[in-house]
Amino acid sequence: MATKVKMLPDDRRVPMCIGEPLDSHTKRENEYGTLTDPKYLYQVKTMDAEKANKKPIMDTPPYYITLMTYLNYLILIILGHIRDFFGIRFQKNSHRDIMEHDGYAPWYSKFESFYVRRLKMRIDDCFSRPTTGVPGRFITCVERVSHDHNDYYTFPGNTQTCLNLSSYNYLGFAESEGECTNAALKIVDKYGVQSGGSRSQIGTSDLQVMTERMIADFVGKEDAMIFSMGYSTNANFFNAFLDSKCLVISDELNHTSIRTGVRLSGAAVRTFKHGEMDLLEKLIRDQIVLGQPKTNRPWKKILICVEGLYSMEGTLCNLPKLIELKKKYKCYLFVDEAHSIGAMGPTGRGVSEIFGVNPKDIDILMGTFTKSFGAAGGYIACDKWIIDRLRLDMTTPNYSEPTPPPVLAQIIASLETIIGKINPGEGTERLQRIAFNSRYLRLGLQRLGFIVYGNADSPVIPMLLYCPSKMPAFSRMMLQRKIAVVVVAYPATPLIESRVRFCMSSSLTKDDLDYLLRHVSEVGDKLFLKLNSGKSSIDNKVQRWDIEEVIRRTPEDCKDNKYFVN
Amino acid sequence: MSEHMAVPTAIPIPSAMISTSSAAWFYLQQGLSRLPGGHHVISYIEKATQDDPYRTAVEASLILYGIYYYLSKPQQKKGLQSNRPNLTKQEIDSLIDEWEPEPLVVPPVNDKETAERYWRLAKIPIVENHGISKYIDFTRDNKKESFENVFNLSSNNFLALSETPEVLEVAKETIRVYGVGACGPAGFYGNQDVHYNLEYTLAEFFGTEACCLYGQDFAVSSSVIPAFTKRGDVIVADDQVSLAVQNALQLSRSTVYYFQHNNMESLEELLEQLNESEKKEKLPAIPRKFIVTEGIFHNSGDIAPLPELVQLKQKYKYRLFVDEMMSLGILGATGRGLPEHFNMDRSTSIDITVGSMATAFGSSGGFVLGDTFMSEYQHIGSNAYCFSASLPAYTTTVVDKTLQIMDNDNSIVQNLQKLSRKMFYFFNSRVQLNEFFILKSSEFSPVVHLELKESFRNSKFNYTRDSLFSELLNLQKRKISDVFIEPYENEEMFLQEIVDAILVNHNILISRHTIVLKQETLPIVPSLRISCTAAMTEEELLNACENIVTTMVRLCTE
């Protein structure tokens, strides 16, 4: 209307980049590479008890690397403060965001936003890269040119097709053709794209009920509920049954959604060091004896919250031990399987299957559809009487939008593929491919000399970079080599453990991984990243294999558990 | 030794202290001289003592206290549970054995209680095929009841654009190019060109600098408010905001004050008081201050008085947060929401607007409109944005197409407004109905909320809004997990009877306003919720309303 609003200028906008339609075969290959040889498959087995109880061995860098990393941060922080000091005095215009004006406080204070403005901003070009099309085997990145130290970007309008190691497309269900897509298209005609209102009013369709039934059967629980957003599943879950007289014992690395949800419930929280079961037991014993602070009354209930697969570490929770503790001390157990459901276990049923435990022993199973299923949303699976009560008491089914029909169709179709109802054999192949790919890349990187965290079968493969300045270097160099990777740093990781996170996918072929290994090895040499001390390798020796040797020997070796310490 | 401990004559020191400190120094010196570089430390201490012996004493006691503090138990340091009892292992074991937790959720005890609570589950319609259409088929209670071709007055698909073939074609076209899921959060390759472009389009359409997309409408408020508030900030909120905003206020860490629903005198009085007390406090920096309200209220369907709010916010330097989930696409001549309704400008009147793509825009997800600084900060500061996967691509193109249609032709919005008004005046003019029910909504809202009149509620169910709220607060304060307030349950059942009677007798679906009482932190009472969509004709709608009123009056007089 009257006032002119300052809009983003046209040249700084991400353009629509849908390219020329490709022929069907190329498109298919770009989204999901055909398996080149059946020997590049691996059937995951249930873990034996001894291995399950072994603590993961984390390799550590030499002391000077730690020192350099701290120094690196120190320099960045000092420079940041100097720039703030002068900027606020002499460049008022470009620091408007952190200054008071007309009696209004800034949106965020100088201190709160320091990390974002002065540290993250320097490497902002490594994040939020716009993409287009399907995030399958290859991802199409929209090219952008950074100006004024990432202050703004312009877009020449080109795209760049990169090997995709960044999307959570574990089983390769991000596709624009095939059974899942067809199912989604069919549903658009039949059910439309909207759900019309909350679940308890009009948002429950027969499709929702069917999906819930299928999920419950798949994960091995009596009943399940589904939600339209994974984050919100957790963030609005705990207030349905916890209050300030309840205690949540939480792994220190749990996802923000769990923390938000627990905070909203008002429950007391105690954290234990990631994966340390002895400390957990001690904490539980202490808490049962001590009870609530001040009043010393016993806790009403104690809920242990863990994740199945930790997305930044690639480590698994020690499920057999957790179940043992939970039974011994009458606690309840919540397992967030956001990353492990579908992607892990002999038939994709997540961590309970990997450890060979009965899912009935876990009180609450939570997971998401964004990752392995190529859809969106999350689920909660419990006993039927619990779900019934949750349907009454949870906010999401009563106030929020439900999962839209095309997403439901995608979930159903991908789930049916995994269990072999659609295209028998395809689901198994997808599972065996991601298992092989994960093991191959993990062992390959270790042999090349990199420090890699996590479990042998984890599709998340974090590779440590340490120095914050190596993050942008690695990310940019990989992009030049047409590989899209995700770099993560504090606060998602401990301060000094900046890392790159390779997310494995069934859609990648062995050749793709060889391409990746060669380039990572080369960049690793340049950036001095091969810091493996041998602590987490099988013979306790420093690993510095030649790349050709790695590619020649690893495909066979990676199928053998003896080469993996964790 | 005494030369090291030279003391100014003016201040006498007890000889005992001198001799003990000399002895301590003697042994310390011996110990230090054995360490590499120890003589540097010795000469430093000697010099310092010569200059100022008291400083050495203070430093020594600080070091001793530091060591003591470091060695003391961490639990005691935090002061969390300092009264740790001294127990033997057997005592601990028996305490652990004795501990009996409550069940995870309150279990159904017997059949009667199950019936009293769980009837709600059996009343949820399970819709077949298009759940958003004008006429729907559905079953209830495990297919025990089944209904066909029911006139649908409970959907949020207000503009009914999501059913048009061109919109569906766009959705399919997008799925054919992008697949369904985005498979990643916005920061890590999850945001596609379509996401960015919808953000530009939404910002442009509503006249703000920028926009930010979220995965679910309900999760937006509770993420965006806490992103910009911390301890010491001030929030002044309407006392009838919906649960999504209540959750946001709870997570905000700020001091929250409430003003009476849509009462501008109450708000001004409160702002004036806060202004006074802020002046007295002399804070080092201005705190962030927000006024929080809704466009069309979820719980009642009435409208916030934007002009007065803007005036007050400017006078007292507050920022205005408006949850417009139910008003974007509905209010204003072209559906641009609350500011257009009052002929105002969004960018200068509202600082944070929260909208839903799952209501009028016929897709799914939520969004936040505002200035560039605010929007960019959400990318890292707002948890539901930063830690959550991007929306499926097709949801964005559907909204894009819907906005295009609305931009080209505002007749759909106009039609919806006409229907809303008709519906409002229809219910408003029914004298018989108004003996029992009170119409809470504004004439512009496509959702009509009908609440029992306070006097009727009191005589029939023997409770009032205030008594319900105080009982609820009481239960919440005592942390009773099982909130069961019988008169409230009875009223809910009564309203469901009305819904069922309308359904069975006239094949029309309306709904109770579904709330979870135990989660609510503000006064609320049950209500009936009737919503119209632009796909209806006036005749259909008014006929249905006539039937609804007849049934309602009949059940109330019985």
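Residues numbered from 1 in each chain as written. Chains lettered and ligands numbered in written order. Predicted model: local features only at pLDDT ≥ 70, side-chain atom pairs only at ≥ 80, totals over all residues. Heavy atoms only, no water.

Peer 1: Mind showing me how you'd approach empty space enclosed by the protein here?
Peer 2: Rolled over the atoms, a probe with the dimensions of a water molecule shows which regions are left empty. One pass over the full model with this rule turns up 16 cavities of 30 Å³ or more. As for the largest cavity, its lining consists of 30 residues, and the residues nearest its centre are A:L392, A:N398, B:R120, B:R512 and B:I515. Elements represented by at least two residues in the lining of the largest cavity include exactly helix 6 (199-203) and helix 13 (384-393) of chain A together with helix 6 (111-122), helix 23 (486-506) and strand 14 (511-512) of chain B. Considered class by class, the residues forming the lining of the largest cavity number twelve nonpolar, eight polar and ten charged. Taken as a whole, the second largest cavity encloses approximately 350 Å³ of empty space. Taken together, 23 residues form the lining of the second largest cavity, with A:Y399, A:S400, B:N156, B:H298 and B:M326 sitting closest to its centre. (1 Å grid on protein atoms, 1.4 Å probe; cavity = no way out; pocket = protein on both sides within 12 Å on 5 of 7 lines; lining within 4 Å. Points joined across faces, edges and corners; volume = space filled by probe spheres on them. Helix = DSSP H or I, 4+ residues; strand = E, 2+ residues; numbered from the N terminus. Nonpolar A, V, L, I, M, F, W, Y, C, P; charged D, E, K, R; others polar.)

Peer 1: It is not clear to me how the environment of A:S195 should be interpreted in this structure. Could you clarify?
Peer 2: All names here are of chain A. Of note, S195 is situated in the loop between helix 5 (179-191) and helix 6. Along the backbone, S195 and R270 are 75 residues apart, and their C-alpha atoms lie at a distance of 39 Å. Within the structure, the side chain of S195 is placed 3.3 Å from the backbone oxygen of T403, a separation counted as a polar contact. (Polar contact = N/O pair within 3.5 Å; in protein donor to acceptor, adjacent residues only side chain to side chain.)

Peer 1: Just to check I follow, could you spell out the domain arrangement of chain B for this structure?
Peer 2: By a widespread convention, an interface's size corresponds to the accessible area lost as its parts come together. All names here are of chain B. Domain annotation for chain B reports domain 1 (112-152 + 411-557) and domain 2 (164-408). For domain 1 versus domain 2, the separation of C-alpha centres amounts to 27 Å. Of the residues lining the interface, 22 residues belong to domain 1; the matching set on domain 2 comes to 25 residues. Summed over both partners, the interface of domain 1 with domain 2 buries about 1800 Å², with 58% contributed by carbon and sulfur atoms. Inspection of the region where domain 1 meets domain 2 yields zero salt bridges. Of all elements in the fold, only helix 19 (411-429) and strand 12 (447-452) reach the threshold of two or more residues within the side of domain 1 that touches domain 2. At five residues, helix 19 tops the list of elements feeding residues into the side of domain 1 that touches domain 2. Residue composition of the side of domain 1 that touches domain 2, grouped by class: nine nonpolar, nine polar and four charged. (Domains from an automatic or database assignment. Contact = heavy atoms within 4.5 Å. Buried area = accessible area lost by both parts, 1.4 Å probe. Salt bridge = Lys/Arg side-chain N within 4 Å of Asp/Glu carboxyl O.)

Peer 1: Explain the side chain of B:R346 here, please?
Peer 2: All names here are of chain B. One can find R346 in helix 15 (residues 346-349). There is a polar contact of 3.1 Å between the side chain of R346 and the side chain of T353. Sequence-distant contacts of R346, defined by excluding residues within four places in its chain, comprise F206, G207, T208, E324, L328, R336, G337, L338, P339, T353 and L369.

Peer 1: Would you mind showing me how to read the pairing of strand 6 (residues 255-259) of chain B here?
Peer 2: A regular strand places its side chains on the two faces of the sheet in alternate fashion. All names here are of chain B. Taken together, the five bridges between strand 5 (residues 234-238) and strand 6 define a ladder with parallel strand orientation. Paired with A237 across the bridge in strand 6 is Y258. In this view, the connection linking strand 5 to its parallel neighbour strand 6 by way of helix 11 (residues 243-251) has right-handed handedness. (Pairing = 2+ DSSP bridges. Right-handed = clockwise from strand over helix to strand, strands pointing away.)

Peer 1: Explanation requested: the sheet that holds strand 5 of chain B in the structure shown.
Peer 2: Hydrogen bonds along the backbone pair up the strands of a sheet, which may run parallel or antiparallel. Residue and element names in this part refer to chain B. Pairing is mixed in the open sheet, where seven strands are placed in the order 4-10-9-8-7-5-6. Whereas interior strands pair on both sides, the edge strands pair on one side only; in this sheet they are strand 4 (210-214) and strand 6. Adjacent strand axes in the sheet meet at a mean angle of 20° when their direction is disregarded. Direction of pairing for strand 4 relative to strand 10 (residues 366-370): antiparallel, over a ladder of five bridges. Within strand 10, the position partnered with L213 by the bridge is F367. The strands that helix 9 (residues 193-206) touches are strand 4 and strand 10; relative to strand 4, the one it contacts most, it runs at about 130°. (Axes fitted to C-alpha atoms, helices over the stretch in contact; angles between N-to-C directions.)

Peer 1: Is there a simple way to think about the packing of aromatic side chains in this case?
Peer 2: The geometry of an aromatic ring pair comes down to the distance between the two centres and the angle between the two planes. This model, assessed by the stated rule, comprises 33 aromatic pairs over all chains. Centre to centre, the rings of B:Y65 and B:Y68 are 6.1 Å apart; their planes meet at 40°, and the pair counts as tilted. A residue pair is termed a helical-turn pair when its members lie 3 or 4 positions apart in one helix, as B:Y65 and B:Y68 do in helix 3 (residues 53-71) at three residues. Among the aromatic residues, those joined into a ring-pair cluster are A:W107, A:Y108, B:F228, B:F290 and B:Y377. One cation-aromatic arrangement involves A:K371 over A:Y168; the distance from NZ or CZ to the ring centre is 5.2 Å. (Phe/Tyr/Trp six-rings, centres within 6.5 Å; stacked < 30°, edge-to-face > 60°. Lys NZ or Arg CZ within 6 Å of the ring centre and 35° of its normal.)

Peer 1: For this particular structure, what's the right way to read the UniProt feature "domain: Aminotransferase class I/classII large" (unreviewed entry) in chain A?
Peer 2: According to UniProt, the "domain: Aminotransferase class I/classII large" (unreviewed entry) feature falls on residues 161-519 of chain A. Between the first and last C-alpha atoms of residues 161-519 of chain A the distance is 16 Å; the span itself is 42% helix and 16% strand. (UniProt positions renumbered as here; feature names shortened; annotations may be inferred.)

Peer 1: What is the right way to read the sheet that holds strand 13 (residues 460-466) of chain A from this model?
Peer 2: Residue and element names in this part refer to chain A. In space, the three strands of this open sheet follow the order 13-16-15, with antiparallel pairing throughout. What marks the edges here is a single partner per strand, and that holds for strand 13 and strand 15 (486-488). Recorded for the sheet is a direction-independent mean angle of 30° between the axes of neighbouring strands. Of the pairings in the sheet, the one linking strand 13 to strand 16 (residues 498-503) comprises six bridges and is antiparallel in character. Residue I461 lies in a different strand from strand 16, and its bridge partner there is F502. Taken strand by strand, helix 17 (residues 470-480) contacts strand 13, strand 15 and strand 16, and its axis lies near 125° from that of strand 13.

Peer 1: Would you take a moment to explain unusual backbone geometry for this structure?
Peer 2: Peptide bonds are mostly trans, and most non-glycine residues show a negative phi. Here the residue pair A:Y490 and A:P491 is connected by a cis peptide bond, since its omega of 10° sits within 30 degrees of zero. Even without a glycine there, the phi angle at B:N149 is positive, about 55°. Topologically, B:N149 is positioned in strand 3 (residues 145-152). We note that B:K317 has phi near 60°; this positive angle belongs to a residue other than glycine.

Peer 1: What's the story with the confidence of the model for chain B in this structure? I'm lost.
Peer 2: When pLDDT drops low, the exact placement of atoms in the prediction is not to be read closely. For chain B, the average pLDDT comes to 90, and 94% of its residues sit at 70 or higher. For this predicted complex, the interface score ipTM comes out at 0.95, alongside a pTM of 0.91. (pLDDT = per-residue confidence, 0-100.)

Peer 1: Explanation requested: the nonpolar core in the structure shown.
Peer 2: One broad rule of soluble globular proteins: the nonpolar side chains tend to lie buried together. Formed by 279 residues in total, the largest nonpolar core has its most connected members in A:L319, A:M463, A:F474, A:F502, B:L202, B:F427 and B:F437. Not counting the four nearest positions on each side in its chain, A:F474 is found in contact with A:M463, A:L465, A:V485, A:V500, A:F502, A:V520, A:V523, A:L527 and A:L529. Core analysis: the next-biggest nonpolar cluster, separate from the first, contains 26 residues, A:F227, A:V262, A:L303 and A:Y332 among them. (Core = buried A, V, L, I, M, F, W, Y, C linked by side-chain atoms within 4.5 Å. Buried < 20%, exposed > 50% of the residue type's maximum accessible area, 1.4 Å probe, protein only.)

Peer 1: Looking at this structure, how should I read the pairing of strand 5 (residues 159-164) of chain A?
Peer 2: Residues and elements named next belong to chain A. Of the strand pairs in this sheet, strand 2 (residues 138-142) and strand 5 are connected by five bridges, and their pairing is antiparallel. Residue C141 lies in a different strand from strand 5, and its bridge partner there is Q160. Bridging between strand 5 and strand 14 (residues 483-484) involves two bridges; their strand directions are parallel. Across the sheet, residue L163 finds its bridge partner in strand 14, namely I483.

Peer 1: I'm lost on helix 19 (residues 547-557) of chain A in this one. Help?
Peer 2: In an α-helix, one turn spans 3.6 residues, which is why side chains three or four residues apart end up on the same side. All names here are of chain A. Looking only at helix 19, the buried set comprises I547, V550, I551, T554, P555 and D557. For helix 19, the angular spread of buried residues about the axis comes to 160°, placing them on one side. Tucked into the core, helix 19 has its buried residues touching helix 16 (426-448) and helix 18 (510-527). N-capping of helix 19 is provided by D546, with a side-chain oxygen placed 3.2 Å from the backbone N of E548. (Arc of directions from axis to C-beta.)

Peer 1: What exactly am I supposed to notice about the state of the cysteines here?
Peer 2: In a disulfide, the sulfur atoms of two cysteines are held together by a covalent bond. Here the structure, examined in full by the defined rule, presents zero disulfides over all chains. Looking at A:C558, it has no disulfide partner, and the nearest cysteine sulfur is the one in A:C503, 19 Å off. In this structure A:C558 comes out as buried when scored by relative accessible area, which is 1%. The thiol of B:C183 is not disulfide-bonded; the next cysteine sulfur, from A:C503, is found 10 Å away. Among the residues examined, B:C183 registers a relative accessible area of 0% and is labelled buried. (Disulfide = S-S within 2.5 Å.)

Peer 1: So what exactly am I meant to see when it comes to the confidence of the model for chain A here?
Peer 2: Per-residue confidence for chain A averages 93 on the pLDDT scale, and 99% of its residues sit at or above 70. Looking over chain A, one finds the lowest element-wise mean pLDDT in helix 2 (residues 49-52) of chain A, namely 80, and the highest in strand 10 (residues 332-336) of chain A, namely 97.

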